[in-house]
Structure formats: structure tokens, C-alpha cells
Amino acid sequence: MPSSLRSPRILLQLCLWLVLLFGLGCRFYGLNWDKSTGLHPDERFCSGIVPRLQWPSSVGEWFNSNKSPLNPSNLVNDKGERDTHYVYGQLPLMIAKVVMGNQDNPEEASLLVHALRAATGRPQTDRVEALPVLRGLSAFFDCLTVLFALLIARRLLGPRWGLFAGALVSLAALNIQQSHYFTTDTFAATFMTLAFWNGARWVDTRKRFDALGLGLWFGCSLACKLSSAFFVIAWLGFVALAWRRYGGKYTFPIALCSFLLSFWAFRTLNPMMFMGARGVFDLHLDPRFLERADGQWVGDFGQQLGITNGEVDVPFNVQWVGRKPWLFSLVNLGWWGFGWPLLLTGIAGGAWALRRPKRAPVLFIAALFVLVSLGVQGAQFSKFTRYYLPLTPMFALMAAFFWRELLASKPKVRPVAGLALAYSLAWCFAVTTIYSRPHTRLQASEWIVETIPPGTRITTETSWDEGLPISWGPTGQGGLIDQKLESYDLDTPAKRLKLVEVLSSSEWLFISSGRSWQNVPRWPQKWPMMTKFYQALFNGELGFDKVQEFTSYPSLGPLHFPDDQLEEALSVYDHPRVLIFRKRDTFTPENMARILNDVALPTTDQFHPREAPGKWDYLPQPQ
């Protein structure tokens, strides 16, 4: 063995590079995890918008919200009615449009599409499946997040700890999962990390280019997702630090330029938010997107704000009823998104930095940004774990700082740091195994088509979830007659009659995920009958037996880690638990009616998730 490789430091760096590269590779593994059936609803929505958009023919049209063919709000259906309500930023759509081009016109297809056709031996007129390409785009951007997280930590903590922080980001399960979806989150996180990198360079080198980069990338992040506005905490922190180091005469004009560039990038790359009828400086908000009326925010984004606050009642908001502020988010991040070692050491490192702002001022800015983001978003009614994706580099930075400081005074605990990294590696591998197996809904679809003859009446839960069987490849639809319970509809006498009628005429009941049965019983005041229904279904009293179950949990060899009790979005898209029930011969409509009649129905139809009591006797569980 060469003497250079005998050095423990060289071996350590080699191991860290291998770990980092493994994490990056996981982002590109199994990108076509659903055989391009589009089983992620947000991704299906975004990817469906991209080919319908067109590039504006002039600068004026670009900024004119009502006329721009690049504005999703201008898309209409065959009846001329607006059919798209898009609440994210336009920049990811623009990037996707550049990457894919126009496949309907061979002359307008992108170079990448041409290259993929040539590599696969397809004629230049064939369509290329968009979802794997767009997911690869998300994975590529997340790789950039890893790179710039490494560079930030390298500048602040040194080469070895920079590599350590980069390895932690590369292994984060939340980032790996989001890399398999074409949504706006990975793009926003990348631009935010770029902005932080420029900010760290600016206060260190005093280069004006970095101050401008801080503003530019912040504006790009906002153009991907408006929740990136939390980064203003970091932006102000960098300005304050520069002011302290270099004085106001230098800092004020360059900070003003940074702010103006940030706004200009946002205005240019997310023009749909403003009317723009009188040109680029027309900053009136487009009322279709956001408008203040009667003391409330309305429009598409205003509606989204109401959902986030729990004021608007939509089915996917029910999962938050009874969830503890902050604690629920931390459990999801520790158990699944980051892993407990990264989360806990990141918190410890952040607390250390907050106590000693003069010793590590940039780390203090990172810790403050994390604290505000966790504090505000953890208190919101909607607690989507993906909202914390931009915090992964910050947690890795603070965790690396924690280990550096601890090992400086207690070098004997060095193996513990190795175990923390090994934990992240193991969990990363366990989550990635999800993409090595067929999707549970596709497995269930194959079983259904092979087992159940065409013409059979079957029942699924709700229009808000994917039905079964999934139309895919040789499976088709199986020629089954689908009826829906519409489990999210308010419990009423009419619904009770419908439940009895539908299940009396069906032989099979398909549960495509836990979106309904895991959440509806969380609000028994609104759904007392459906809560009783699931209890009777799972304990066999209703007259149906579970005959098949399809799962695909994160795994390490024979060890499986059920995760369907966490936030639903962590499992229901890429590995939901699918349950198949079959009616017994002993089933009778009278018995089912008796079970459902034994429940007092709600006396009002006015329900707001934020006001839900969040109290229940139990949550039914399938056996």
C-alpha cells in the first residue's frame, strides 16, 4: 500500500468522499419509481403544466400577467374556462421548459431530448417520458445543494469538516426523497444555499460580487417558492455583519444593490404575481394570484394561506388535526427526514453558535435562520416536512461545528462522530431501497387485474386519492366498475344510505393509502360515522376481510421500518400501504345499516380544521 494511503487523515477523507458520492448516487437511483404513472399529485400537476406553456413573444408580454403564455393562470380548458390554479413560483417551470423544449415539434425539442432519443435509438419524432427527466433535474439541483453546503462548511470550518458536512447533506433522506419528485422545493433550497454561500464569502472577502450574488440567488429562491422569504433573516444577518466589519459607508450602497437585484430577479422570474399591464414597473398584484379584500388575502395564493393556517377545510388538511406544534415536525425530521444524530447535533451546534455569536458570526446567522424557520413553520397548522428542506445544509453545518468543537476538547469521542455518520448512511440506504422495489400501487394493480375478472363492481375510498387499479402498461384498468365512498364528504343521512348501497353492490374494497383511514378518525366530531365505519371494517364486524396487503417500507436486509404513522407525504406518494378487502358471504346490508345508524351525525356543516378539538377515543388500525 502506498505510504500516502497509510495516513489516517487520507483514509478518512477517502471514506467521506465515498460516502458523499454514494448519497449523490442515491438521488438518481430509481427515478422512474412509478413507471411514469404520475403518482405524486403535485408533481403530476407541475409536469402537466410545463408542455402547455409557451415562451412570450416580447418583453412586454413576458411581464404582462394577463397576456403571457408563460403564466399558468392563463391556461384554459376546451370550454375556455380557467383550469389551473398554480401557487408556486414560475422559475422551476421555466427551467423545465428549457430542459424539455417542445416535444410536439421536433424542431423545438431541447438538445437533451434529442440526446436521449439518440441514446435510446428512438426516432426523433418519438416522445421522451418527461417525469424521469424532470426528476433527474430535481436530483441535479439537489446535488448542487450538497456542493455548496460543502463549500460553506469548508470556508467556515476547514476542509475536513466541510467534507463531513457535505456528506451529511448527501445522506439526508428528505433530500433524497424530494430528488425523486419534480416539485419546486429542491429548486428553492438550492438557490437559498447558493445565496448563503455568497453571503458567507461576502462578509469574509468583502467582494461586492458576492453581495450581489447573495441578492440574486435570494430572488431566484423566492421565484421558486414564496416561503423562501424566511431567508430575509439570513440576508439581514449578513448585512449587519458586513456593516459591523466594514462600516456603513461601504455596506449601505452594496446592500441596497443586493436588495434591488433580489427584487429584480423575483420580478423577472416570477412575473405572474404582478399585473404588468403598464410594463415592468407595474407592481399591482394580480388578483388571481393574491389580493387583499375585506381584510383577507384572496386569490390562489390567498387560498393557500388559508389552507396553511387551517382556516380552509380541504381533505389533505385533516392530517394536522391534533398534531403538537413544533414537536410533530421535530419527530418527523428526527425519525425520517434528517435522522436523529443530524437533528440533535445540529440543534446542539446551533445552540452553541447562538451563545457565542462573536466567535462564529456566520454560524450564528445560520442558527438564527433555522430557529426562526422552525419556530414559525412549526407553529403553523400545516406542518409539511418538505418545508424544512432548505434547512438541511444549515443543520449539517451546525452539526459539523458541534463535532469540531467537541472533538477539540474531547478527542476520545471521535468514534461517536463516526457512528453518527454511519447512522445517516444506514438510514439513507434504507430509504433508497424503496426505489429498488415495484411501487405498492403498481403491485396491487397487477394483482387486481390477474385476480378479479372484468365487470366486477369494486369500491374505492375517495376521489382525493389514487384509485385502483392504476392504468399502467399491460394492466390497463381491468374492466372493473369503480364506485367511490367519498369518505371525506360530511357525514349525513344521504351519505349513510350511499355507503350501504355502494358496499352492498360491491365485492371488493380497495384502500390505496392511509390518507383517509388514518386521518378521518382524527376528527370524530365531523366524521363520527366514518370513524365507526373504519373501526367496523378493521375488526371484521362490517363483513369484509383483508385478503392482501402491499407495503414497501425503508429496509436494511430483513429489518423493515414502518413509517406510515408519520406525516402522510413521507409515504403515500412513493410507498403507500395498500389494503385489499373482500366481502364475506355473511355480509348483510341490514348489519351495515345497524352499525352506521348507531352513531349521532353532525348537526352543522361549518367546520374549520384549525378549530377541530383534536380529541378522540382511539384511531382504528387494520389488523
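Scroll up to find the structure this text is about.
Overview of the structure. All of these numbers come straight from a predicted model, not from anything done at the bench. Counting restarts for each chain, with residues numbered from 1 along the sequence as it is written. The predicted origin of the model limits local features to residues at a pLDDT of at least 70 and limits the giving and counting of side-chain atom pairs to 80 or more, whereas totals for whole chains, interfaces and linings rest on all residues. Water and hydrogen atoms were dropped before computing side-chain values, which therefore reflect all heavy atoms in the structure.

A look at the sheet that holds strand β3 (residues 457-460)
The strands making up a sheet are joined through hydrogen bonds of the backbone, oriented either antiparallel or parallel. In plain terms, the rule: Here a strand pair is declared whenever DSSP counts at least two bridges between the two strands. Numbering goes from the N terminus for both helices and strands, where a helix is a DSSP run of H or I of at least four residues and a strand is a run of E of at least two. Convention adopted: a line fitted to C-alpha atoms gives each axis, helices being fitted over their contacting stretch, and angles between N-to-C directions are expressed from 0 to 180 degrees. Two residues form a contact once any of their heavy atoms are found within 4.5 Å.
Strand order in the open sheet made by the 5 strands is β4-β3-β5-β9-β6, with mixed pairing throughout. Unpaired on one side and paired on the other, β4 (481-484) and β6 (544-550) mark the two borders of the sheet. Along the sheet, successive strands turn relative to each other by an average axial angle of 25 degrees, direction set aside. Bridge count for β6 against strand β9 (residues 578-583) is 6 bridges, and the pairing is antiparallel. Bridge pairing links Asp545 to Arg582 in β9. The strands touched by helix α20 (residues 493-504) within the sheet are β3, β4, β6 and β9, with β4 carrying the most contacts at an inclination of about 160 degrees. The sheet strands contacting helix α21 (residues 528-538) are β5 (508-511), β6 and β9, and the helix crosses β5 at an angle near 110 degrees.

Here's the deal with the pattern of salt bridges
Keep this limit in mind: In the sections that follow, a salt bridge refers to a side-chain nitrogen of Lys or Arg positioned within 4 Å of a carboxyl oxygen of Asp or Glu. We call a residue buried when its accessible area falls under 20% of the maximum for its residue type, exposed when it is over 50%, and partly exposed in between, using a 1.4 Å probe and counting protein chains only.
The full count for this structure, using the stated rule, is 25 salt bridges. One salt bridge in this structure joins Arg27 and Asp142, with 2.6 Å as the shortest N-O distance. Here Asp142 lies in helix α6 (residues 130-157) and Arg27 lies in helix α1 (residues 8-28), a separation of 115 residues in the sequence. Asp142 carries the same exposure label as Arg27, and that label is buried.

Digging into the packing of α21 against helix α22 (residues 589-597)
This is how the line gets drawn: Should an angle lie under 35 degrees it is considered roughly parallel, over 145 roughly antiparallel, and from 65 to 115 roughly perpendicular; all remaining angles are considered oblique. Take the far helix as the reference: if the near one is turned anticlockwise from it by less than a right angle, the crossing is left-handed, and if turned clockwise, right-handed. Any residue outside Ala, Val, Leu, Ile, Met, Phe, Trp, Tyr, Cys, Pro, Asp, Glu, Lys and Arg is labelled polar, Gly included; the first ten of those are nonpolar and the last four are charged.
The geometry of α21 relative to α22 is characterised by a closest axis approach of 9 Å and an angle of 130 degrees between their N-to-C directions. Taken together, α21 and α22 sit at an angle that is classed as oblique. For the crossing formed where α21 meets α22, the hand is right-handed. Contact with α21, carried on its side by Met529, Lys532, Phe533 and Ala536, involves Met592, Ile595 and Leu596 of α22 and no other residues of that element. Class assignment of the residues belonging to the contact of α21 with α22 gives a composition of 6 nonpolar, no polar and 1 charged.

Remarks on the side chain of Ser258
We count it as follows: Polar contacts here mean pairs of N or O atoms no more than 3.5 Å apart (in protein, one a potential hydrogen donor and the other a potential acceptor; neighbouring residues in sequence count only if both atoms are side-chain atoms).
Considering the arrangement of structural elements, one finds Ser258 in helix α12 (residues 248-269). Among the polar contacts listed, one links the side chain of Ser258 to the backbone oxygen of Ala211, at a separation of 2.9 Å. Other than its neighbours up to four places away in sequence, Ser258 contacts Ala211, Leu212, Leu214, Gly215 and Trp235.

Examining the pairing of β5
Two faces, one strand: in a regular strand the side chains alternate between the faces of the sheet. Burial along β5 is two-sided: the residues Trp508 and Phe510 and Leu509 and Ile511 are all buried. Of the pairings in the sheet, the one linking β5 to β9 comprises 4 bridges and is antiparallel in character. Looking across to β9, one finds that Phe510 is bridged to Ile580.

A closer look at the nonpolar core
Keep this limit in mind: Nonpolar cores were defined as sets of buried Ala, Val, Leu, Ile, Met, Phe, Trp, Tyr and Cys residues, with membership established by side-chain atoms within 4.5 Å.
Residues Phe196, Trp202, Phe231, Phe238, Phe395 and Phe510 are the most contacted members of the largest nonpolar core, which totals 149 residues. Excluding residues that lie within four positions of it along the chain, Phe196 makes contacts with Ile152, Phe231, Ala234, Phe238, Val362, Ile365, Ala366, Met394 and Leu397. Of all hydrophobic cores here, the second largest spans 37 residues; its members include Phe328, Trp517, Val520 and Leu579.

Comments concerning the layout of surface pockets
Note the cut-off: Points on a 1 Å grid over protein atoms alone make up a cavity when a 1.4 Å probe fits among them but cannot get out, and a pocket when they form an open set with protein on both sides within 12 Å along at least five of seven lines; lining residues each have an atom within 4 Å of a point. Grid points are joined across faces, edges and corners, and a volume is the space filled by probe spheres set on the points.
Its boundaries defined by the atoms lining it, the largest pocket holds a volume of some 1,200 Å³. Together, 42 residues line the largest pocket, and Val87, Tyr88, Gln304, Ile307 and Phe316 are the ones closest to its centre. Of all the elements in the fold, those that place two or more residues in the lining of the largest pocket are α2 (41-49), α13 (300-308) and α16 (361-379). The leading source of residues in the lining of the largest pocket is α13, at 7 residues. What the second largest pocket holds in volume is close to 430 Å³. Lining of the second largest pocket is provided by 17 residues; of these, Leu12, Leu16, Phe164, Arg414 and Gly418 occupy positions nearest its centre. For the lining of the second largest pocket, the secondary-structure elements that each account for two or more residues are α1, α7 (159-171), α17 (392-409) and α18 (414-432). When residues of the lining of the second largest pocket are assigned to their parent elements, the largest contribution, 6 residues, is made by α1.

Things to note about the packing of aromatic side chains
Describing an aromatic ring pair means giving the distance of the ring centres and the angle of the ring planes. We apply this condition: Any two of the Phe, Tyr and Trp rings considered here, Trp counted by its six-membered ring, make a pair once their centres fall within 6.5 Å; the pair's planes then place it as stacked at under 30 degrees, edge-to-face at over 60, or tilted in between. We count a charge as sitting over a ring when the NZ of a lysine or the CZ of an arginine lies within 6 Å of the ring centre and within 35 degrees of the ring normal.
Applying the stated criterion across every chain, the model contains 42 aromatic pairs. With a centroid separation of 6.2 Å and an interplanar angle of 65 degrees, the aromatic rings of Phe263 and Phe274 are classed as edge-to-face. Here Phe274 lies in the loop between α12 and β1 (291-293) and Phe263 lies in helix α12, a separation of 11 residues in the sequence. Taking the relative accessible area as the measure of exposure, Phe263 reaches 32% and is therefore partly exposed. Residue classification places Phe274 among the buried positions, given a relative accessible area of 6%. Through pairs of rings, three or more aromatic residues link up here, namely Phe140, Phe141, Phe182, Phe187, Phe191 and Trp217. Taking NZ or CZ as reference, Arg206 lies 4.6 Å from the ring centre of Tyr250, over its face. Just above the ring of Phe384 sits the side chain of Arg386; from NZ or CZ to the centre is 4.6 Å.

Some remarks on a nonpolar patch on the surface
As a reminder, the rule being used: Residues qualify for a patch when their relative accessible area is over 30% and they have no salt bridge, like charges being joined within 9 Å and the nonpolar side chains of Val, Leu, Ile, Met, Phe, Trp and Tyr within 5 Å. Note on areas: these come from Shrake-Rupley sampling with a 1.4 Å probe, and a residue is covered only by the protein chains present in the view.
A cluster of nonpolar side chains, namely Trp243, Phe252, Leu256, Phe259 and Leu260, defines an oily patch on the protein surface of about 530 Å² accessible area. No other element matches α12, which puts 4 residues into the nonpolar patch. Summarising the element assignment, Phe252 is placed in helix α12.

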